[in-house]
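# Coordinate inspection notes
One-letter residues, chain by chain:
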Amino acid sequence: MNSTKTSHSLRKGLLSAVAENRDSSNTLIYDGTVPIFVEDSDDADLYAYKLTRIIADEKTQFQDVLIADSINYGRMLVLDGAIQSAEDDEAL
């Protein structure tokens with residue numbers, strides 16, 4: 001399978017997963033066994049981050065919390081579906 005077809009099918013999967021998980025703040029989908037966090041905090045854009053490890057994916061009394069290690073940004077803190085901080089983008 002060439003990369004264009006892979007990219008197209010992954011994009012379709014992202015859009016489908018986001019549409020199906022609108023009630024869930026932390027949208028996680030899987031490309032095979034690789035977890036991908038999809039941030040859709042605004043209606044105009046989608047951002048997808050491949051993860052190497054999910055440390056916590058919890059719903060607290062106040063918010064949805066995801067702590068995960070991403071390939072490009074290191075450890076990320078996600079609250080209610082929006083990235084708050086990332087290790088390689090700013091100090092945690």
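As shown above, the structure is provided for reference.
Residues numbered from 1 in each chain as written. Predicted model: local features only at pLDDT ≥ 70, side-chain atom pairs only at ≥ 80, totals over all residues. Heavy atoms only, no water.

## A short note on the side chain of S70
The residue S70 is located in strand β4 (residues 64-70) in this model. At 3.0 Å, the side chain of S70 forms a polar contact with the backbone nitrogen of Y73. Not counting residues within four places of it along the chain, the set of residues in contact with S70 comprises K50, L51, T52 and M76. (Helix = DSSP H or I, 4+ residues; strand = E, 2+ residues; numbered from the N terminus. Polar contact = N/O pair within 3.5 Å; in protein donor to acceptor, adjacent residues only side chain to side chain. Contact = heavy atoms within 4.5 Å.)

## Details of the packing of aromatic side chains
Inspection of the entire model under this criterion finds two aromatic pairs. Pairing F37 with Y49 gives two aromatic rings, centres 6.2 Å apart and planes at 25 degrees, and the pair type is stacked. Remark: Y49 occurs in strand β3 (residues 47-59) and F37 occurs in strand β2 (residues 34-39); sequence separation between them is twelve residues. By the burial criterion, F37 is buried, and Y49 matches it. Relative to Y73, the ring of Y49 lies with its centre 5.9 Å away and its plane at 70 degrees, an arrangement referred to as edge-to-face. You can see Y49 sitting in strand β3 and its partner Y73 sitting in the loop between β4 and β5 (74-79), a full 24 residues away along the chain. The exposure class of Y49 is buried, given its relative accessible area of 15%. Since its relative accessible area comes to 34%, Y73 is described here as partly exposed. Feature note: the residues F37, Y49 and Y73 constitute an aromatic cluster, connected by ring pairs. (Phe/Tyr/Trp six-rings, centres within 6.5 Å; stacked < 30°, edge-to-face > 60°. Buried < 20%, exposed > 50% of the residue type's maximum accessible area, 1.4 Å probe, protein only.)

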